[in-house]
Amino acid sequence: MHIKSFIQAALKEDVGPGDYTSLATVNQDAQGKAQLLVKDEGILAGVEMALYIFKEVDAALHVQTFMTDGASIQHGQVVLEVQGNAQSILKAERLVLNCMQRMSGIATYTRRMVNLLEGTRSQLLDTRKTTPNFRIAEKWACKIGGAANHRFALYDMILIKDNHVDYAGGIKAALEQAISYNQKHQLGLAIEIEVRNESELDEVLEIGGVQRIMLDNFSPGRLRDAIRRINGRFITEASGGITEKTLRAYGETGVDYISMGALTHQIKSLDLSLKAKKA
């Protein structure tokens, strides 16, 4: 989803036919200032998103930023100041905060996980385990935190998972059909396949035709053995039940990528607030 479309849909959800509280209490010509204040610690994300939101709400709003995405933040800091029509500031307030608080929470946790992999060759990946209609912001936050984005959606990669394999009738059938479909429709998409055990891995190694192999729910020891068997023929990815406690052990196996759904679905938002600034 394009950023503009996302913002328009979010404003429609929140504002509807009108922000009647602001319309009823604030003069339509009233001017105001507000500061976005930090009340937490972590990694800042969503500043650029906020600029898009303010512009969509009212292009005449003037925003001055003092911090950028990816910066370390502490309680009491001022991220930005917005000035202009008071009703417009109030209309934008909640969407700006909702995006920035959650994005900052995701970026903070992601940065912590990335730091745990320091010194290994493994790169952290996000997943599609995102909030419906908020994926654009959540994956953006993962990137700010230092992870790489996996596929954005179902259309930009062929990723054959366990259910696809079972419905297709096995590894061989799933791979052959995926390769054929990709070629027939001239999609040019990368193909990745998930394997659940060494037997399925052997089938993939025999057939080939993929760019990446996802090793699902392998222990670090089994993963290390599997990577040795793959021997650099394909890009490797570890997934399934990997936690903060086990992440480093997986990174030390030599796997290329590690995907963690927890980056987006087990997050505490950072505390930020937008406060009117008195003249």
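Every value quoted in this text rests on a predicted model; they were computed, and no experiment measured them. (Residues numbered from 1 in each chain as written. Predicted model: local features only at pLDDT ≥ 70, side-chain atom pairs only at ≥ 80, totals over all residues. Heavy atoms only, no water.)

S.K.: Tell me about the overall build of the protein chain, and name the residues and values.
M.R.: When its secondary structure is counted, the protein chain shows 11 helices and 12 strands. In terms of principal-axis extent, the alpha carbons of the protein chain reach across some 70 × 40 × 25 Å. Taking all 279 residues of the protein chain together, the buried fraction comes to 49%. A fraction of 69% describes how many contacts in the protein chain between residues 6 or more apart in sequence connect residues 24 or more apart. As displayed, the protein chain has an accessible area near 14200 Å², and 48% of this comes from carbon and sulfur atoms. For the protein chain, the distance from the average site of its 33 positive side-chain charges to the average site of its 33 negative ones is 2 Å. (Helix = DSSP H or I, 4+ residues; strand = E, 2+ residues; numbered from the N terminus. Buried < 20%, exposed > 50% of the residue type's maximum accessible area, 1.4 Å probe, protein only. Contact = heavy atoms within 4.5 Å. Areas by Shrake-Rupley, 256 points an atom, 1.4 Å probe, with all protein chains shown as cover. Lys, Arg positive; Asp, Glu negative; His and termini not counted. Charge placed at Lys NZ, Arg CZ, Asp CG, Glu CD.)

S.K.: Can you explain the UniProt feature "domain: Quinolinate phosphoribosyl transferase C-terminal" (unreviewed entry) in the protein chain? Please cite residues and give values.
M.R.: Listed under "domain: Quinolinate phosphoribosyl transferase C-terminal" (unreviewed entry) in the UniProt record, and renumbered for this structure, are residues 106-275. Across residues 106-275 one finds 43% helix and 16% strand; the C-alpha atoms that close the span lie 23 Å apart. (UniProt positions renumbered as here; feature names shortened; annotations may be inferred.)

S.K.: Describe the nonpolar core, listing the residues and the values that go with them.
M.R.: In this structure, Met49, Ile213 and Met260 are the most contacted members of the largest nonpolar core, which totals 82 residues. Sort the elements by how many residues they give to this core and helix α4 (residues 86-116) lands first, with 12 residues. Excluding residues within four positions of it along the chain, Ile213 makes contact with Glu192, Ile193, Val195, Leu201, Val204, Leu205, Ile230, Phe234, Ile235, Thr236 and Glu237. (Core = buried A, V, L, I, M, F, W, Y, C linked by side-chain atoms within 4.5 Å.)

S.K.: Describe the environment of Asn149, with residues and values.
M.R.: In this structure, Asn149 sits in the loop between α5 (135-145) and β7 (158-160). Once residues within four sequence positions are removed from consideration, Asn149 is found in contact with Leu125, Asp126, Lys139, Cys142 and Lys143.

S.K.: Give me the pattern of salt bridges: which residues, what numbers.
M.R.: Applying the stated criterion across every chain, the model contains 17 salt bridges. Salt-bridge contacts for Asp126 lead to Lys139; the nearest nitrogen and oxygen are separated by 2.7 Å. Placement of the pair is Asp126 in the loop between β6 (123-125) and α5 and Lys139 in helix α5, with a sequence separation of 13 residues. Residue Asp126 is classed as buried on the basis of its relative accessible area, which comes to 0%. In this structure Lys139 comes out as buried when scored by relative accessible area, which is 2%. Residue Arg196 is joined to Asp166 by a salt bridge in which the shortest nitrogen-to-oxygen separation is 3.1 Å. Linking Arg196 in the loop between β8 (191-195) and α8 (198-207) with Asp166 in helix α6 (residues 162-168), this pair joins segments that are 30 residues apart in sequence. Assessed through its relative accessible area of 28%, Arg196 is described here as partly exposed. With relative accessibility at 47%, the residue Asp166 sits in the partly exposed group. What you see here is one network of salt bridges that share partners, running through Asp166, Arg196 and Glu200. (Salt bridge = Lys/Arg side-chain N within 4 Å of Asp/Glu carboxyl O.)

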